[in-house]
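Structural overview
Each chain, letter by letter, is given below.
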There are 2 protein chains.
Amino acid sequence: MPKIGSLTQLHQIDREARLLERAIALLHWDMDINLPPKAVEERSDQLALLEGLSHEMLTGKINGRLLDDLGSTPENPGGDEGLSPAERDFLKVFRRNYDRLTKLPARFVKDAARAEGLSQPAWVKARKNNDFSIFLPHLKKMVEIARKKSSYWGYENTYDGLISIYEPDMTQEDISRLFTPLKDSLVKLIKQIQKAPQPNPDFLKLVYDVKKQETFNREVMNHIGFDEERGRLDVSVHPFTTSLGTDDVRITTRYVPDNMISSVFSTIHETGHALYELGFPREIQGTCLADGASMGIHESQSRLWENVIGRSREFWTPLYGRLQHLFQKQLDPVRIDDFIKAVNRVEPSCIRVDADEVSYSLHIILRFELEKQLFSGVLTPEDLPGAWRSMMKEYLGVDINTDTQGVLQDVHWSMGSFGYFPSYALGNLYGLQIWNRLKKDIPQVYTQIEAGSFREIQTWLRDTLYVWGKRLSPSDMLVKVTGKALSPAPFVQYIKDKYTDLYGLG
Amino acid sequence: MPKIGSLTQLHQIDREARLLERAIALLHWDMDINLPPKAVEERSDQLALLEGLSHEMLTGKINGRLLDDLGSTPENPGGDEGLSPAERDFLKVFRRNYDRLTKLPARFVKDAARAEGLSQPAWVKARKNNDFSIFLPHLKKMVEIARKKSSYWGYENTYDGLISIYEPDMTQEDISRLFTPLKDSLVKLIKQIQKAPQPNPDFLKLVYDVKKQETFNREVMNHIGFDEERGRLDVSVHPFTTSLGTDDVRITTRYVPDNMISSVFSTIHETGHALYELGFPREIQGTCLADGASMGIHESQSRLWENVIGRSREFWTPLYGRLQHLFQKQLDPVRIDDFIKAVNRVEPSCIRVDADEVSYSLHIILRFELEKQLFSGVLTPEDLPGAWRSMMKEYLGVDINTDTQGVLQDVHWSMGSFGYFPSYALGNLYGLQIWNRLKKDIPQVYTQIEAGSFREIQTWLRDTLYVWGKRLSPSDMLVKVTGKALSPAPFVQYIKDKYTDLYGLG
């Protein structure tokens, strides 16, 4: 019999670690939203202190003893067979985190944090000066740290170890198998689209009053079902979602006067993340199980709302009149069909975050290929700017003029976050496979969207997907939800159908 | 020779405790400004966790050993004579805090926190229902806790122990000696004023656009010299100031459409607190010495700016035109002299926070007398509503119709904060004594205020007062700054002169 006292104690540690983690998240949120400029350095000191306390809490010797008591080992992380399935899932997740953290020497963690602290400003400077050489030594250091980390965790293939941070049960081989056919289909489709007549998006580039944009974004968020008694919408330089508590999930957006539509789709995207976080069942809230199954699954939720639902004609049917009313001057002459065509316009460009729904995954596959080759030794950090340019030409037919628009465009590598990128495109694949299942269960889903009713969608997502939190691995969860392993086919089919229709392709 | 290693270690603990304290302050600030309504309970859990960690940090056995190493004892808190004066001051403050915290049994601290957690909502409910009996059992509990706390600290006179939390070197006897002549003078002055012709404040009760109020408040704050790169102005139900870091001091105000002037004076008041916090010298920032000498000294700074400077004609000379411009409809017919008379109007009423500069101290003296009698046993908690009513009649000639407007009006007792009130009136006394010294050193001070120049005032306050932080006791600091012990005379003289002039008294 497992020791119930040990379980209670471990739950208490987990609960406190979670409370602390969310206090840390508030310090970060406040740094992005409110912090006076001169207070940045001291805020970093506050964060370092709290992160140290959090690390102590999660790696204490007592934790190892309690896991032992409960029969949890690296081979059998779920512990004693007599425990309930939920408790075994809890032990698995707690143990994985504990093992990962304790395998990294304290010295390494400290050095890595310091190196990251230097790397980010160097990346900012390199971007500003459009000079990759400023960032290069830091990039090398980040690569070296990533290699070490993966090896401390016992991975033979460095990149597999890095991917596992974000997608616990995937390897680079798995991802290659998914991305290769995806790439081929998308490259082909883009070429077809480029030959077709293009919609006119000029009206989207007019100036839209920011106050009115704010009003509309809040309305859209509420329209979808975000409960403002359990969260907030604020403004930040880069949109994000953060959980500061079971009933405190905050999203941000940014308003650009001559790009009104970007704030709207950012808000919908972040609302998708927030609904997932807010939808975990009460019984796992406040524990390590109240988390997304993986980064890719999390991204599936934001992209589902942003693209599949948010860029559909049905979604805009009840909203477009209101938008026209707010921005009469700009939108009065624009019919809803032209609006839908414009917000779905395919136009390959060099910047990932500005990419359309068809090009987006190609930006990701490019980064995946580069990371794979970097860690297998095919490429060195010095090779990245050139490799970036040639792949952009190959995948998207786009010429890169400056490294700021190329290899320096994303923050991820400067933070050592290698292996993160694939999750964005995996999110598209997970999302469509889940959506197809939802459509089977709710055949009238588009009629509901058109009527502005999301209750049944929300309930389905909550009962079918959110309910698992982090209890299942993403692949197990996907099989449970959709009956099938992950495949690119549903996403490819969706994209083909949607854009064949929009562009009137043969 | 003191052990330098021990000193370094103690500084490190102090520094970390301070960082944590400020993270806790952020959680509180965010609770008042941003927290979604349903997240309140979990935020309390987060706070309880961090406060527990902070308590551990400040009371760890290691702290006691380090203090011993450095020769610091309760009798000789400053430790080894070989230490520098600054280090000895640091040890005194650290030791005092350590002794106070460790003398309270863990069980008592926990029970007290729980009782406070229940007391506050009961007070809110009692106010809402205008029913003192709802709050009474909690008030009794708070009194009992306060008695215990004072006795754990070794005080024979309970109230002295409670006062010492806020005014480290004062007793109820000291305060009585100051308040008795103050009361007599103010009661007499109010009676004179009430016989004189009254200014017409009706234009202050018009509706003022809140957006424009926000603009003006920000301008006033900047006018005085608040550096927005080192702090913020936000909106909350009750205005307050909080330090979230050396360069992150945040103030709040509240906007009432038909009471424009209350937001302005709140902002000036909180700016006064903020300037003090921002003005501690760099070498003590981030340590336990970077704090006000006492609550009363802190209040002296806010009241100095709010009343002595902020309600003067000179202060408004460069600002009033701007205010008229923003609120043309309301203020066009009002001359600056009438504006000054109106914002200084003396009108005794039942609510402390709405009180004018002359009545205010009487509201405080009333609370002081009640607390004194409560802890000496002359009054029981049951007696307080009646005693409140009769004293209000005696001091201010005001009739109290409901307990919500009487004994239930302040939050302090519901939090167990007995002994806090005197600081508000002591702030007036400290403030004027400091101001008189400043006027000697800067004879042209009112000319400068009239020119909108506060640089010399700021420099004087920083170099003369703020420079000490918490290094000196309030009475030692006052002697150092003004050459004299605290006396009510400067404040009484100031009030008499000002209101004799404003009301054209004999």
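Residues numbered from 1 in each chain as written. Chains lettered and ligands numbered in written order. Predicted model: local features only at pLDDT ≥ 70, side-chain atom pairs only at ≥ 80, totals over all residues. Heavy atoms only, no water.

**Thoughts on the overall build of chain A**
- Of the regular secondary structure elements, chain A holds 22 helices and three strands.
- In terms of overall size, chain A behaves like a compact globule, its C-alpha atoms giving a radius of gyration of 23 Å where 506 residues would be expected to give roughly 23 Å.
- Overall, the C-alpha framework of chain A stretches about 70 × 50 × 50 Å when taken along its three principal axes.
- At a minimum sequence separation of 6, the contacts of chain A that also span at least 24 residues come to 70%.
- Carbon and sulfur atoms provide 51% of the accessible area of chain A, an area that totals close to 21100 Å².
- Charged side chains in chain A number 63 positive and 69 negative. The centres of these two groups are separated by 2 Å. (Helix = DSSP H or I, 4+ residues; strand = E, 2+ residues; numbered from the N terminus. Rg over C-alpha atoms; globule rule 2.2 N^0.38 Å. Contact = heavy atoms within 4.5 Å. Areas by Shrake-Rupley, 256 points an atom, 1.4 Å probe, with all protein chains shown as cover. Lys, Arg positive; Asp, Glu negative; His and termini not counted. Charge placed at Lys NZ, Arg CZ, Asp CG, Glu CD.)

**Some details on the sheet that holds strand 1 (residues 231-235) of chain A**
Residue and element names in this part refer to chain A.
- Ordered in space as 1-3-2, the three strands form an open sheet in which the pairing is mixed. Only two strands of the sheet have a single partner each, and these edge strands are strand 1 and strand 2 (241-245). Each strand axis lies, on average, 25° off the axis of its neighbour in the sheet, ignoring direction.
- Two strands pair when backbone bridges link them, and strand 1 and strand 3 (residues 248-253) are joined in this way by five bridges, in the parallel orientation. Looking at the pairing, Val235 lines up with Thr253 of strand 3.
- Its contacts with the sheet put helix 10 (residues 260-278) on strand 1, strand 2 and strand 3, and the angle it makes with strand 3 is roughly 165°. (Pairing = 2+ DSSP bridges. Axes fitted to C-alpha atoms, helices over the stretch in contact; angles between N-to-C directions.)

**Concerning the pattern of salt bridges**
- Inspection of every chain in the model, using the stated rule, returns 70 salt bridges over all chains.
- Here B:Asp227 ties to A:Lys38 by a salt bridge, and the two come within 3.3 Å at their closest N and O atoms. In this pair, B:Asp227 sits in the loop between helix 9 (210-224) and strand 1 (231-235) while A:Lys38 sits in the loop between helix 1 (4-33) and helix 2 (40-59), so the two residues belong to two different chains.
- For B:Asp227, a relative accessible area of 26% corresponds to the partly exposed category. (Salt bridge = Lys/Arg side-chain N within 4 Å of Asp/Glu carboxyl O. Buried < 20%, exposed > 50% of the residue type's maximum accessible area, 1.4 Å probe, protein only.)

**As for the packing of aromatic side chains**
All names here are of chain A.
- Tallying each qualifying case throughout the model produces 51 aromatic pairs over all chains.
- Consider the rings of Phe108 and Tyr152, whose centres lie 5.1 Å apart with planes at 65°: the pair is edge-to-face. Pair noted here: Phe108 is in helix 5 (residues 106-129) and Tyr152 is in helix 6 (residues 132-152), with a separation of 44 residues, a long-range link.
- Phe108 sits in the buried class, given a relative accessible area of 8%. (Phe/Tyr/Trp six-rings, centres within 6.5 Å; stacked < 30°, edge-to-face > 60°.)

**Examining the packing of helix 1 of chain A against helix 1 (residues 4-33) of chain B**
- Taken N-terminus to C-terminus, the directions of helix 1 of chain A and helix 1 of chain B make an angle of 75°; their axes are 10 Å apart at the nearest point. Judged by the angle between their axes, helix 1 of chain A and helix 1 of chain B are roughly perpendicular. The segment helix 1 of chain A lies against helix 1 of chain B, with A:Ala23, A:Leu26, A:Leu27, A:Trp29 and A:Asp30 engaging B:Ala23, B:Leu26, B:Leu27, B:Trp29 and B:Asp30.
- The residue inventory of the contact of helix 1 of chain A with helix 1 of chain B, partitioned by class, reads eight nonpolar, no polar and two charged. (Parallel < 35°, antiparallel > 145°, perpendicular 65-115°, else oblique. Nonpolar A, V, L, I, M, F, W, Y, C, P; charged D, E, K, R; others polar.)

**Digging into the nonpolar core**
- B:Phe179, B:Trp305, B:Phe315, B:Trp316, B:Phe339 and B:Phe418 are the most contacted members of the largest nonpolar core, which has 140 residues in total.
- At 10 residues, the largest contribution of residues to this core is made by helix 16 (residues 357-376) of chain B.
- Contact partners of B:Phe418, with chain neighbours within four places excluded, come to B:Leu139, B:Met142, B:Val143, B:Ala146, B:Leu162, B:Tyr166, B:Glu371, B:Leu374, B:Phe375 and B:Trp413.
- Counting 138 residues, the second largest nonpolar core, distinct from the first, contains A:Leu186, A:Ala342, A:Val398 and A:Phe491. (Core = buried A, V, L, I, M, F, W, Y, C linked by side-chain atoms within 4.5 Å.)

**Side note on the environment of A:Gly71**
- Among the structural elements, A:Gly71 can be located in the loop between helix 3 (61-69) and helix 4 (85-102).
- Given the relative accessible area of 29%, A:Gly71 is considered partly exposed.

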